[in-house]
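Each chain, written out:
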Amino acid sequence: MTITLYHCHEARSMRVLWLLNELGLEFRLQVMPFTELRSEQYLAIHPLARVPALQDGDLILYESGAICQYLCETYSPERMGRPVGHPERPQWLQWLHYAETLAVHGASLVQQHLVIYDPQLRSATVQKLERKRLEKGLELLNNHLQHQDYLLQGGFSTVDIAVGYSIHLAQYFTDIKQFPQLNEYYQALKQRPAFIVSMPVAGDDEIIFRRSFYGESVM
């Protein structure tokens, strides 16, 4: 076993964990307590003290999109990836990176609701703006999914994992039921065994999300 994933529950590292489970690869999962992210040992792996970080032999990567692309091209180029020359390759790359178009707004809302401890420093304007931007990104997906089950016509792939995680993050900050096709898509993704085993279970420590935040005012 050469692969180690450094992970925090429901953080961006969930993309990588979900993909590893879909691929059926053997790997070691290291769940990182938030207090250990800035340890000297972990900073030697990820200098920014964030997750994910993936170690495969002597190789270390720490961008979730890059890790997903690396795992696909190394271990499953045809099934979960789309190799160079494949007609769906351009769209595969687009959706892989579109996942961060959504997640960046989710990350801003995480900061507003969870990271900023002082209620006086939280901004109702920032929360409203980021939620609206997030919803515009979800609306685009909803329209795209009107006549297909997955992002690519060729079927389920890593881009559904990458974007699916971003939707998972978004549903803590907006009601995704306002986007019927997208909600149906997300509910189907949630039923996948690899998604289920990638979620924290009751009793796990260091859980980021214990409730939804949409519909509330600045705390």
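Structural data are supplied above this passage.
Residues numbered from 1 in each chain as written. Predicted model: local features only at pLDDT ≥ 70, side-chain atom pairs only at ≥ 80, totals over all residues. Heavy atoms only, no water.

Draft legend 1. Geometry of the overall build of the protein. Within the protein one finds eight helices and four strands. Going residue by residue from the N terminus, the α and β elements of the protein occur as β-α-β-α-β-β-α-α-α-α-α-α. The C-alpha radius of gyration computed for the protein amounts to 17 Å, which stays within 12% of the reference 17 Å derived for 219 residues, consistent with globular compactness. Principal-axis analysis of the C-alpha atoms places the extent of the protein at approximately 50 × 50 × 30 Å. Counting over 219 residues, the protein shows a buried share of 48%. Long-range contacts, defined here as pairs at least 24 residues apart, represent 69% of the contacts in the protein between residues at least 6 apart. (Helix = DSSP H or I, 4+ residues; strand = E, 2+ residues; numbered from the N terminus. Rg over C-alpha atoms; globule rule 2.2 N^0.38 Å. Buried < 20%, exposed > 50% of the residue type's maximum accessible area, 1.4 Å probe, protein only. Contact = heavy atoms within 4.5 Å.)

Draft legend 2. Expanded view of the pattern of salt bridges. Following the criterion strictly, the structure yields seven salt bridges and no others. For R82, the salt bridge goes to E88, with nearest N and O atoms at 2.8 Å. According to the relative accessible area criterion, R82 is buried, its value standing at 5%. Since its relative accessible area comes to 13%, E88 is described here as buried. The partner of E130 in a salt bridge is R133, and the shortest N-O contact between them spans 3.8 Å. Remark: R133 and E130 occur in helix α5 (residues 124-144); sequence separation between them is three residues, near one turn of the helix. Assessed through its relative accessible area of 12%, E130 is described here as buried. Residue classification places R133 among the partly exposed residues on the basis of a relative accessible area of 41%. Among the ionic contacts, a cluster of salt bridges with common partners joins R12, R15 and E100. (Salt bridge = Lys/Arg side-chain N within 4 Å of Asp/Glu carboxyl O.)

Draft legend 3. Broad picture of the packing of aromatic side chains. One pass over the structure, following the stated rule, counts five aromatic pairs. Ring centres of Y6 and Y42 lie 5.5 Å apart, and the angle between their planes is 55°; this geometry places the pair in the tilted category. Taken together, the residues span a long stretch of sequence, with Y6 in strand β1 (residues 3-7) and Y42 in helix α2 (residues 40-43) at a distance of 36 residues. Taken individually, Y6 and Y42 each receive the classification buried, so the pair is uniform in this respect. Put simply, the rings of W18, Y186 and F195 pair up and form one aromatic cluster. Directly above the aromatic system of F156 lies the positively charged group of R192, at a separation of 3.6 Å from the ring centroid. (Phe/Tyr/Trp six-rings, centres within 6.5 Å; stacked < 30°, edge-to-face > 60°. Lys NZ or Arg CZ within 6 Å of the ring centre and 35° of its normal.)

Draft legend 4. Spatial organisation of the state of the cysteines. Throughout the structure, instances matching the rule amount to zero disulfides. Looking at C8, it has no disulfide partner, and the nearest cysteine sulfur is the one in C68, 16 Å off. For the unlinked cysteine C72, the closest cysteine sulfur is that of C68, found at 6.7 Å. Judged by relative accessible area, C72 falls into the buried class, the value being 0%. (Disulfide = S-S within 2.5 Å.)

Draft legend 5. Expanded view of the side chain of H46. If you trace the backbone, H46 turns up in the loop between α2 and β3 (53-56). Looking at H46, the relative accessible area reads 3%, which means it is buried. Once residues within four sequence positions are removed from consideration, H46 is found in contact with P52, A53 and Y62.

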